[in-house]
Amino acid sequence: MPAALAQTDSPPTLERCAAIGAPTDRLACYDALAGRARASEALGTRAEAVGVVHAPTAPPSSDPSFLSRFWELDAGDKRGIFNFVGYQGNYVLPIHLTSRINRAPQSPTQAAVPQPAYRTEEAKFQLSLRTKLVQNVGFEGADVWAAFTQQAMWQIYNGTDSKPFRNTDYQPELIYVVPTKPGLRKLPFDWQWRYTQLGLAHQSNGQSDPLSRSWNRVYLGGGFERSPWVLSAKVNKRLNEPRETDNNPDLVDFRGRGEFQLGWSGGLHTASVHYRSTLKDVKYGSLHLEWTYPVYNDQPNGLRWFVQAFSGYGETLTDYNFRQNSIGAGVTFLQF
């Protein structure tokens, strides 16, 4: 989960709101001044991604929630189409340390390829955006979104090999998001079922054989919340390919078939844990932890300090069948 918002404790005034430079922070301040403070507080939890807030096109919803603001579930949170916002997190980690480097990537259908003398110290960054293509289509309040995520590992400290990019992954998606009707939302222990989503995704490392890795999948997911917690879950179904053209036929046996993501916000702090599971063997899959805190406390929706840790298989697509541990530190931006 990308970084989420946290709010300052100072009471808003018209003058204070007008003086805030960042548009999203300014909007959050105006929301609080207009009586939408609970909605702003709900934004302190991270869901699956983050984005830029645009002014709502309808009156505020009667049941404000972070997931509603993030996926524009309720009528009061709809913002129209083609507003580009964040999705799976946008960050730069100038320091990224990994326990092991995959010196000879291979798969059952691709021969091992010896790699340069890559260093275990590198930089990592990710850019992830989404936009709504169609609003209110099919089920009541349902929307169609398009998204694109790019993640790169950069050997910036490896001057000997001209500072190459060790791996770059690309992931376009189409997502159909259906809000849960109010009468069906309530779950035990005060949890709320907020949405169901159906997605189609492609992921590739952009390489040619024998380093090429890619897969196509459909997924079914749902989002749940109980402030200050947010939970999302997905089950992936890989679209089969003929073995002679499949670069990684055993990918889901290492990377996983299911994804579970839990986010928490405590004041200005946010944290999340993302678990990928094969749903068959706990030895595989991965665990992904993140923590954020604002660089400037009066702009919690601006630049945030960011720490990320990973353990397991598939931090990159090239390393889908290679186990490693890593930790990185930097900043995250383009908050929701």
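Residues numbered from 1 in each chain as written. Predicted model: local features only at pLDDT ≥ 70, side-chain atom pairs only at ≥ 80, totals over all residues. Heavy atoms only, no water.

1. Thoughts on the overall build of the protein chain
Here comes step 1: On a plain count of helices and strands, the protein chain comes out with five helices and 13 strands.
Here comes step 2: For the protein chain, the proportion of its 336 residues judged to be buried stands at 51%.
Here comes step 3: Taking the contacts inside the protein chain whose residues are at least 6 apart along the sequence as the reference set, 62% of them involve residues at least 24 apart.
Here comes step 4: By element, 62% of the accessible surface of the protein chain is carried by carbon and sulfur atoms, the whole surface being about 14,700 Å². (Helix = DSSP H or I, 4+ residues; strand = E, 2+ residues; numbered from the N terminus. Buried < 20%, exposed > 50% of the residue type's maximum accessible area, 1.4 Å probe, protein only. Contact = heavy atoms within 4.5 Å. Areas by Shrake-Rupley, 256 points an atom, 1.4 Å probe, with all protein chains shown as cover.)

2. What to know about the confidence of the model for the protein chain
Here comes step 1: This prediction gives the protein chain a mean pLDDT of 87; 81% of its residues lie at or above 70.
Here comes step 2: Counted against residues more than four places away or in other chains, residues 37–63, with its pLDDT under 50, gives 121 contacts. (pLDDT = per-residue confidence, 0-100.)

3. So, the side chain of Thr-180
Here comes step 1: Checked against the element boundaries, Thr-180 lands in the loop between β5 (165–179) and β6 (192–204).
Here comes step 2: With relative accessibility at 6%, the residue Thr-180 sits in the buried group.
Here comes step 3: A polar side-chain atom of Thr-180 sits 3.2 Å from the main-chain carbonyl oxygen of Trp-193.
Here comes step 4: Those residues in contact with Thr-180, other than ones at most four positions away along the chain, are Arg-185, Trp-193, Arg-194 and Tyr-195. (Polar contact = N/O pair within 3.5 Å; in protein donor to acceptor, adjacent residues only side chain to side chain.)

4. A look at the environment of Lys-237
Here comes step 1: In this fold, Lys-237 is placed in strand β8 (residues 229–238).
Here comes step 2: Considering only alpha carbons, one finds Lys-237 and Arg-257, 20 residues apart in sequence, at a separation of 6.9 Å.

5. A word on the pairing of strand β2 (residues 90–98)
Here comes step 1: Pairing of β2 with strand β13 (residues 323–333) involves seven bridges; the strand directions are antiparallel. Bridge pairing links Tyr-91 to Thr-332 in β13.
Here comes step 2: Pairing of β2 with strand β3 (residues 121–134) involves five bridges; the strand directions are antiparallel. The partner of Val-92 across the bridge, within β3, is Phe-125. (Pairing = 2+ DSSP bridges.)

6. Details of the side chain of Thr-332
Here comes step 1: With respect to the helices and strands, the residue Thr-332 is situated in strand β13.
Here comes step 2: There is a polar contact of 2.8 Å between the side chain of Thr-332 and the backbone oxygen of Asn-90.

7. Some words on a nonpolar patch on the surface
Here comes step 1: A grouping of Ile-95, Leu-97, Tyr-157, Trp-291, Trp-305, Val-307 and Ile-327 is seen on the molecular surface, where their side chains present a nonpolar patch of about 630 Å² in accessible area.
Here comes step 2: Elements supplying a minimum of two residues to the nonpolar patch: β2 and β12 (304–313). (Patch = residues over 30% accessible without salt bridge, like charges linked within 9 Å, V, L, I, M, F, W, Y side chains within 5 Å. Salt bridge = Lys/Arg side-chain N within 4 Å of Asp/Glu carboxyl O.)

8. Notes on the nonpolar core
Here comes step 1: Counting residues in each nonpolar core, the largest one holds 15 residues, and the members touching the most others are Trp-71, Ile-175 and Val-177.
Here comes step 2: Those elements that place two or more of their residues in this core are α4 (66–71), β4 (143–154), β5 and β6.
Here comes step 3: A total of four residues in this core trace back to one element, the largest contributor, which is α4.
Here comes step 4: With seven residues, the next largest nonpolar core counts Trp-215, Phe-254, Leu-317 and Tyr-320 among its residues. (Core = buried A, V, L, I, M, F, W, Y, C linked by side-chain atoms within 4.5 Å.)

9. Section: unusual backbone geometry
Here comes step 1: Backbone torsion omega between Asp-209 and Pro-210 reads 5 degrees, so that peptide bond is classified as cis.
Here comes step 2: Cis geometry marks the peptide bond from Ser-227 to Pro-228; its omega dihedral reads 10 degrees.
Here comes step 3: The phi dihedral of Phe-82 is positive, around 60 degrees, even though this residue is not glycine.
Here comes step 4: Secondary-structure assignment places Phe-82 in the loop between α4 and β1 (85–86).
Here comes step 5: We classify Phe-82 as partly exposed; its relative accessible area is 49%.
Here comes step 6: At Leu-279, a residue that is not glycine, the phi angle is positive and equals roughly 65 degrees.
Here comes step 7: Summarising the element assignment, Leu-279 is placed in the loop between β10 (269–277) and β11 (286–294).

10. Topic: the environment of Pro-172
Here comes step 1: Within the secondary structure layout, Pro-172 lies in strand β5.
Here comes step 2: When residues no more than four places from it in sequence are discounted, the contact partners of Pro-172 are Ala-147, Phe-148, Leu-200, Ala-201 and His-202.

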